[in-house]
Amino acid sequence: MPVFKLCLKIIQKNLPAISIYVVIFLVISTLITVSNVNQQTKGFNQTKAKIAFLAEESTPLVEGFKKELSRTAQLVELPDEKEKLQDALFFRDVTYILRIPAGFTESFLKGDGLQLQKTVVPGSVENAYVDLTVNQYWRLAALYAKNNSGITQQDTAQRVEQDMAVDTTVKLSNPEGKKDISQSFSVYYFNFLAYTLTSVLILGVSAIMIVFTNKDLSRRNFCSPLRTGSINLQFYLANLVFTGATWLLMTGACFIFDPKDSFTPNMIYLLLNSLVFTLCIASASFLIGNLVKSRNAISAIANVAALGPAFISGVFVPQEFIAGPVLRLASFTPTYWYVQANSKIGSLTDFSWSSLTPVFNNILITAGFAVAFFAISMVVAKRNRLRA
């Protein structure tokens, strides 16, 4: 198999340069992946806002309100001085200042218009929980006062406290113990794999193509006793061996870095998706190798072809944070559908056909890109042979 051996010699000659790219891309991908992985939170933990509670009166309802507020917020003692309160807000020592004016309880029970006074830091999400507690407490108090004539403030405060002490337990339904790995290392790694694979395959496959598209070598091949079919078969086999070795090396690293999530049903579909994407990029590399005639242009094309789709398709930034027009542009690249399939695979806990259908649709679109690239490369290769 002289052609096959020749291809391996070409790869071997370019192996030092390719190995440098492989190592650098693996290190960069791993570092970026590790830095972006967030631990998945199980359940819900409420963030407590820091509150300065200033009461100009002390009544059973106000004291009950302060006690209830301490359950959902962190009360911070501050002097009732305007300058110090403003400094506390500026330096985020507190994010919420709540003042109960004198006469508020009596006015509240009579239905008059005296209101609580609050000063907040704009945009503080945790302050929403404080507002919920404030509204809930005084609405319940108003309900008891309105519908129970003669009820004392002590009784009203006790009943409101009992009502607000009732909590609802929320359980995530996962009867078979299936795991959502959408925020795991594996999903991030396979997303960054798109950038790595694209760069390495274009560099490797194009190095072989540059040699075989040389006019002098093509003419010598036509004059050789080997049949054209045999030459093409050995040529494609060598490229498949290089492509397969690259895919195994890249995906195998994930099993080393993240063994915990590497043996889940999701991993099977992540591997399938990456394999189809690898074949797609190999086809694109064939096309690039048939079009480009200069070795110096290969590196530039590899960087553009890898970085461009990676930036707009969700490799570096999740797709939900990318603008709609950019995503519509990215949908014309296989990287977009590859990343979208990874996201859906990572969130799978049910592996029924209906759940897997969106994943297979994305994989089939990626496969369609592979067929299109390969078909175009065959047309270009035939044109080059006729010109030779």
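Residues numbered from 1 in each chain as written. Predicted model: local features only at pLDDT ≥ 70, side-chain atom pairs only at ≥ 80, totals over all residues. Heavy atoms only, no water.

**Q** Explain the sheet that holds strand 1 (residues 49–55) here, please?
**A** Overall, mixed pairing links the four strands, which are arranged 2-1-3-4 in an open sheet. Whereas interior strands pair on both sides, the edge strands pair on one side only; in this sheet they are strand 2 (73–75) and strand 4 (117–120). Averaged over neighbouring strand pairs, the angle between their axes works out to 25 degrees when direction is ignored. Bridging between strand 3 (residues 96–100) and strand 4 involves four bridges; their strand directions are antiparallel. Note on strand 4: the bridge partner recorded for I97 is T119. Along the sheet face, helix 5 (residues 127–147) touches strand 1, strand 2, strand 3 and strand 4 and points at about 20 degrees away from the line of strand 3. (Pairing = 2+ DSSP bridges. Helix = DSSP H or I, 4+ residues; strand = E, 2+ residues; numbered from the N terminus. Axes fitted to C-alpha atoms, helices over the stretch in contact; angles between N-to-C directions. Contact = heavy atoms within 4.5 Å.)

**Q** Sorry, what's going on with empty space enclosed by the protein here?
**A** Which parts of space are left empty comes out when a probe the size of a water molecule is rolled across the atoms. Counting across every chain of the model gives one cavity of 30 Å³ or more. Quantified by volume, the largest cavity comes out at close to 40 Å³. What lines the largest cavity is G64, K67, E68, Y137, A157 and E161. Secondary structure elements with two or more residues in the lining of the largest cavity: helix 2 (60–72) and helix 6 (153–164). If you tally residues by element for the lining of the largest cavity, the top one is helix 2, at three residues. (1 Å grid on protein atoms, 1.4 Å probe; cavity = no way out; pocket = protein on both sides within 12 Å on 5 of 7 lines; lining within 4 Å. Points joined across faces, edges and corners; volume = space filled by probe spheres on them.)

**Q** Is there a simple way to explain the environment of Q340 in this structure?
**A** For Q340, the location among the structural elements is in helix 13 (residues 334–346). Linking Q340 and P318, residues 22 residues apart in sequence, is a C-alpha distance of 9.6 Å.

**Q** Honestly, the environment of T105 in this entry has me stumped. Any pointers?
**A** Topologically, T105 is positioned in helix 4 (residues 104–110). Judged by its relative accessible area of 2%, T105 is buried. Separated by 48 residues in sequence, T105 and Q153 place their C-alpha atoms 9.3 Å apart. Setting aside its immediate chain neighbours within four residues, T105 contacts E57, T59, L61, V62 and Q153. (Buried < 20%, exposed > 50% of the residue type's maximum accessible area, 1.4 Å probe, protein only.)

**Q** Sorry, what's going on with helix 3 (residues 82–90) here?
**A** In an α-helix, one turn spans 3.6 residues; hence positions three or four apart end up facing the same way. Along helix 3, the residues classified as buried are L85, A88 and L89. All buried residues of helix 3 project into a common sector of 100 degrees when viewed along the axis, lining one side. For helix 3, the exposed residues lying more than 90 degrees away from the buried face are E83 and F90. Taken together, the buried residues of helix 3 touch strand 1, strand 3 and strand 4. Downstream of helix 3 by a residue or two, R92 has a phi angle that is positive, lying close to 60 degrees. (Arc of directions from axis to C-beta.)

**Q** Honestly, the packing of aromatic side chains in this entry has me stumped. Any pointers?
**A** To describe a pair of aromatic rings, you give the distance between the ring centres and the angle between the ring planes. Per the counting criterion, the structure on display carries 19 aromatic pairs. Ring centres of Y189 and F190 lie 6.1 Å apart, and the angle between their planes is 80 degrees; on these two criteria the pair is classed as edge-to-face. Here Y189 and F190 have matching classes, each one buried. Each ring, one from Y269 and one from F360, has its centre 6.1 Å from the other, and the planes form 70 degrees; the classification is edge-to-face. One end of the pair, Y269, is in helix 10 (residues 265–291); the other, F360, is in helix 14 (residues 353–387), with 91 residues separating them in the sequence. (Phe/Tyr/Trp six-rings, centres within 6.5 Å; stacked < 30°, edge-to-face > 60°.)

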